[in-house]
Amino acid sequence: MLLEQAEQLVSMILQSDIAEHYRQCLYSVKNDPETQRKINEFVDMKDRYEEVQRFGKYHPDYKEVMGKIRIVKRDLDMDEVVAEFKKAENDLQGLLDEVSVIIGRSVSESVKVPTGNPFFESSCSGGCGSGGSCGCSA
């Protein structure tokens, strides 16, 4: 019964406006020729960047690659299709985080729920077991 209800929850999330917007944005990223060109250019530059990093500033192309990777990355980040996708991805992650926190807190206030979002972190700085301000003992 619990698994059936979990599947119903998954179905509700998949049918949500947030999930639908995410899928639309993902489709746009995968099918926009200019966005794909920028992604491919970034992937190529990332490979060159990783090669240069092995040798550091002694690599003959160090300055060129370090400058170019920043330009290519900024161009990709400023792409409207990519920006909208990242926003949709964050919105979907936020929904999943909220659901996780609601489920976790329904079980117990002390259940750790990994969200990766500081908004959902408890008042315990450093996590339980760290001797933080919440009174946890190390």
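Being a predicted model, the structure only gives us computed values, none of them experimental. Per chain, residues are indexed from 1 in the order of the written sequence. Totals for whole chains, interfaces and linings use all residues, but because this is a predicted model, local features are given only for residues with pLDDT of at least 70 and pairs of side-chain atoms are given and counted only at 80 or more. Working from all heavy atoms in the structure, the side-chain values ignore hydrogens and water.

Undergrad: I tried to follow the overall build of the chain on my own but got confused; where do I start?
TA: Per the secondary structure count, the chain includes 5 helices and 0 strands. Counting from the N terminus, the helices are the DSSP runs of H or I reaching at least four residues and the strands are the DSSP runs of E reaching at least two. The N-to-C order of helical and strand elements in the chain reads α-α-α-α-α. The cut-offs for exposure are 20% and 50% of the maximum accessible area for each residue type, with area from a 1.4 Å probe on protein chains only; residues under the lower value are buried, those over the upper are exposed, and the others partly exposed. Per-residue burial for the chain yields a buried fraction of 23% across its 138 residues. For the chain, restricting intrachain contacts to residue pairs at least 6 apart in sequence, the fraction spanning at least 24 positions comes to 44%. Carbon and sulfur atoms make up 56% of the accessible area of the chain, which totals about 10200 Å². When checking whether two residues touch, look at their non-hydrogen atoms; a contact exists if any pair is within 4.5 Å. Here the open area of atoms and residues is found with the Shrake-Rupley method and a 1.4 Å probe, where only the protein chains shown may cover a residue.

Undergrad: Before we go on, may I ask you to explain the nonpolar core in this structure?
TA: The nonpolar side chains of a soluble globular protein tend to be buried with one another. Buried Ala, Val, Leu, Ile, Met, Phe, Trp, Tyr and Cys residues that are joined via side-chain atoms within 4.5 Å together make up what is termed a nonpolar core. Residues Phe 42, Met 45, Val 52, Val 65, Ile 69, Val 72, Leu 76 and Val 82 constitute the largest nonpolar core, which totals 8 residues. If one sorts the elements of this core by residue count, helix 4 (residues 62-78) sits on top with 4 residues. Those residues within four positions of Phe 42 in sequence are excluded, and the remaining contacts are Ile 69, Val 72, Lys 73 and Leu 76.

Undergrad: Help me out: how do you make sense of helix 2 (residues 17-31) in this one?
TA: The periodicity of an α-helix, 3.6 residues per turn, causes residues three or four places apart in sequence to face the same way. Any helix carries an expected span of 1.5 Å times its number of residues minus one. With 15 residues, helix 2 extends 21 Å between its outermost C-alpha atoms, agreeing within 8% with the 21 Å of an ideal straight helix rising 1.5 Å per residue. Looking at the packing, one finds that the buried side of helix 2 touches helix 1 (2-14), helix 3 (33-55) and helix 5 (80-107).

Undergrad: So what exactly am I meant to see when it comes to the side chain of Thr 35 here?
TA: By the element assignment, Thr 35 lies in helix 3. Setting aside chain neighbours within four positions, we find Thr 35 in contact with Val 29, Asp 79, Val 81 and Val 82.

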